[in-house]
Amino acid sequence: MFALVDCNNFYVSCERAFQPRLEGKPVVVLSNNDGCLISRSAEAKALGLRMGEPYFKVKDLIQRHEVRVFSSNYALYGDMSARVMHYLSSVVPEVEVYSIDEAFLDLHGMGRYHGDLATLAATMRYQIRKRTHIPVCIGIAPTKTLAKLANRLAKKSPLLNGVLHLDTPERVQWALEQTPVEDVWGIGGQYTQKLYSQGISTAAQLAAMSEGWARKQLGGVVGARLVRELQGTPCHGLAPSEDGSLSRKSIACTRTFAQPVSAFTDVVAAVAYFASRAAEKLRRQQSAANTLTVFISKNRFGTEPPPHTRSSVLTLPVATSDTVELLRYTRTALKRIWEPGAVYRKAGVILDGLETAGQQQLLLFESNEQAERRAKLMSDLDRLNERFGKNTVQFAVALPANIHAQVPWVGQSQWRTPAYTTCWDDLLFIRA
């Protein structure tokens, strides 16, 4: 059996954890630069506020209904997520952190130690709420796809108390019949239209199809596996990190600019800053990356025709977490996609192909002594920034040309709450 644990309206729940007065009131959290709605409370959803909607378009509705608005606070959300995931890893032997607010659990064999799995899930829900004040729902099923489906139904029905265990064929069939085909994990908009045109509108109808039909209609082996998972045959196992930790499989640092940027020096500084932050996160989890992606985006609501985003992917000769090396490759990647005269609103750096640091192959003409010296330099840099504050020591390329001017790639965040759990200055004080 697999379980999917999903935090309800996660960013909103993190804000409510430190402001209980927000319970029962409409709340939304905005994306970088206070651009779009990325998390909504149930009360905000009931008002018709949609996911991804630009804030400026719904500002009047938000003000009319006194919806509380918060800027995204990723330091807080990341720490709260880590607390949830570490608790889960203490309860079950294998955890796959699927996203910041979702995790798959391997429950095979857990029944003999904990009895009924639904009871175990209810206990986990209670403990997570008690430890973090984050509400979660849990779906349990024989496959990951069915567990995802069960979790969705557990969220929709208050009568289920946040837990749905698909432990019998009858319950599986009921769940499939309750699920529109577009809500099946792995079915996108294009396949939804195709399936509806063939009279398939529910997960139950899709599960009744043959494997041969799925191969032909849903992209070969991927579609066949999806149908088999709906039929109760596991085709996907958990994908935890090799060392059993909760390390990320990719690291990204992206941001929408507070103001448009057109100068090459400013965009170079922005992506260099993002690469430096990503490298810090890489070293923090003792990893090295062998793939680097740099992207830059124009205003997709402007008059220019698409594509609005261009990206460049580099496979590094040797996996690294060295900021100096990553900055060099970042500049190379940016030059490949740079358009003189263009105006950019967003940029980012993504690190993939992560390996355990210290085990990667060395460069052909680099000695162990040189590698150790470079690693010590990065370690000293991290210690200085940890002791004296983030960005105390930076690389010059990651600074704006005019250090006294406003940094253009720092987004607006006028409603951001303190980092209650990760910054000493932001700790809550309780006076009795």
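This structure is a prediction, so every number in the text was calculated from the model and none was measured.

Here the focus is the overall build of the chain. Regarding its fold elements, the chain presents 15 helices and 12 strands. Radius of gyration (C-alpha) of the chain: 24 Å, near the 22 Å computed for a compact globule of 432 residues. By principal-axis analysis of the C-alpha atoms, the chain measures approximately 65 × 60 × 55 Å. Residues counted as buried form 45% of the 432 residues belonging to the chain. For the chain, the computed accessible surface area is about 22700 Å², with 51% contributed by carbon and sulfur atoms. Between the mean site of the 51 positive side-chain charges and the mean site of the 40 negative ones, the chain shows a separation of 4 Å.

Let us now look at the environment of L120. Looking at the secondary structure, you find L120 in helix α6 (residues 117-132). On the basis of relative accessibility, which here comes to 7%, the residue L120 falls in the buried class. The sequence separation of L120 and V91 amounts to 29 residues, and the corresponding C-alpha distance is 9.6 Å. Leave out the neighbours within four places in its chain, and L120 touches V91, M110 and H114.

A word on the sheet that holds strand β11 (residues 309-320). Pairing is antiparallel in the open sheet, where four strands are placed in the order β9-β12-β10-β11. Each edge of the open sheet carries a strand with a single partner, namely β9 (251-261) and β11. Direction aside, neighbouring strands of the sheet carry axes that sit 15° apart on average. Bridge count for strand β10 (residues 287-297) against strand β12 (residues 344-356) is 10 bridges, and the pairing is antiparallel. Within β12, the position partnered with A288 by the bridge is E355. Together, β9, β10, β11 and β12 form the strand contacts of helix α13 (residues 264-284), whose direction differs from that of β9 by roughly 155°. Contacting β10, β11 and β12, helix α14 (residues 323-337) runs over the sheet at an angle of about 150° to β11.

Further remarks concern the pattern of salt bridges. Taken as a whole, this structure holds 18 salt bridges when the rule is applied. The partner of R283 in a salt bridge is D382, and the shortest N-O contact between them spans 2.7 Å. A residue pair is termed long-range when its members are at least 10 positions apart, and R283 in helix α13 and D382 in helix α15 (residues 368-388) qualify at 99 residues. Judged by its relative accessible area of 14%, R283 falls in the buried class. Several salt bridges share partner residues, and in doing so they unite D322, E325, R328 and R374 into one network.

Along its 13 residues, helix α7 (residues 144-156) runs 19 Å from first to last C-alpha, staying within 8% of the 18 Å computed at 1.5 Å per residue. For α7, a buried count of 10 out of 13 residues is recorded, marking the element as mostly surrounded by other parts of the structure. Taken together, the buried positions of α7 are K144, T145, L146, A147, K148, L149, A150, N151, L153 and A154.

What follows is about the nonpolar core. In terms of nonpolar packing, the biggest core is built from 36 residues, with L88 and L105 touching the most fellow members. Those elements that provide at least two residues to this core are β1 (2-7), α1 (10-18), β2 (27-30), α4 (74-91), β6 (102-106), α6 and β7 (136-141). Considering every element that reaches this core, the biggest residue donor is α4, with seven residues. Shared between two domains, this core takes at least three residues from each, and those domains are domain 1 (8-75) and domain 2 (78-231). Apart from residues no more than four positions distant in its own chain, L88 is found in contact with V5, V95, A103, L105, M124 and I128. Within the second largest apolar cluster, 34 residues are counted, among which are F274, A289, L326 and L334.

This part is about the sheet that holds β2. Reading across from one edge, β3-β2-β4 is the order of the three strands in this open sheet, with mixed pairing throughout. Two strands close off the open sheet at either side, each with one partner strand: β3 (37-40) and β4 (68-71). Averaged over all adjacent pairs, the angle separating strand axes in this sheet is 25°, with direction ignored. Relative to β3, β2 runs antiparallel, the two sharing three bridges. Along β3, the bridge assignment pairs V29 with S39.

Along the polypeptide, N73 turns up in the loop between β4 and α4. Looking at N73, the relative accessible area reads 3%, which means it is buried. Polar contacts involving the side chain of N73 include one to the main-chain carbonyl oxygen of T417, which spans 2.7 Å.

For the rest of this paragraph, the subject is the UniProt feature "domain: UmuC" (unreviewed entry) in the chain. Listed under "domain: UmuC" (unreviewed entry) in the UniProt record, and renumbered for this structure, are residues 2-188. The distance from the first to the last C-alpha atom of residues 2-188 is 23 Å, and the span holds 45% helix and 20% strand.

On a regular strand, one side chain projects to one face of the sheet and the next to the other, so that they alternate. Residues V27 and V29 point to one face of β2 and V28 and L30 to the other, with burial holding for every one of them. As paired elements, β2 and β4 share four bridges and run parallel to each other. Opposite V28, over in β4, you have V69 as the bridge partner. Where β2 hands over to β3, the hairpin turn is made up of six residues, of which N33 adopts a positive phi near 65°.

Time to look at the packing of aromatic side chains. Evaluated as defined, the whole model comprises 12 aromatic pairs. An angle of 50° between the planes, with centres 5.9 Å apart, marks the rings of F10 and Y11 as tilted. Of the two residues, F10 and Y11, neither departs from the other in class, the shared state being buried. Ring centres 6.0 Å apart and planes at 75° place the aromatic pair Y11 and Y74 in the edge-to-face group. Separated by 63 residues along the polypeptide, Y11 in helix α1 and Y74 in helix α4 bring together distant segments of the chain. Residue class for Y74 comes out partly exposed when judged on its relative accessible area of 36%. Taken together, F10, Y11, Y74 and Y77 form an aromatic cluster joined through their ring pairs. Above the face of the Y329 ring, R328 is positioned so that its terminal group lies 4.7 Å from the ring centre.

Rules used in this analysis
Residues numbered from 1 in each chain as written. Predicted model: local features only at pLDDT ≥ 70, side-chain atom pairs only at ≥ 80, totals over all residues. Heavy atoms only, no water. Helix = DSSP H or I, 4+ residues; strand = E, 2+ residues; numbered from the N terminus. Rg over C-alpha atoms; globule rule 2.2 N^0.38 Å. Buried < 20%, exposed > 50% of the residue type's maximum accessible area, 1.4 Å probe, protein only. Areas by Shrake-Rupley, 256 points an atom, 1.4 Å probe, with all protein chains shown as cover. Lys, Arg positive; Asp, Glu negative; His and termini not counted. Charge placed at Lys NZ, Arg CZ, Asp CG, Glu CD. Contact = heavy atoms within 4.5 Å. Pairing = 2+ DSSP bridges. Axes fitted to C-alpha atoms, helices over the stretch in contact; angles between N-to-C directions. Salt bridge = Lys/Arg side-chain N within 4 Å of Asp/Glu carboxyl O. Expected span 1.5 Å × (residues − 1). Core = buried A, V, L, I, M, F, W, Y, C linked by side-chain atoms within 4.5 Å. Domains from an automatic or database assignment. Polar contact = N/O pair within 3.5 Å; in protein donor to acceptor, adjacent residues only side chain to side chain. UniProt positions renumbered as here; feature names shortened; annotations may be inferred. Phe/Tyr/Trp six-rings, centres within 6.5 Å; stacked < 30°, edge-to-face > 60°. Lys NZ or Arg CZ within 6 Å of the ring centre and 35° of its normal.

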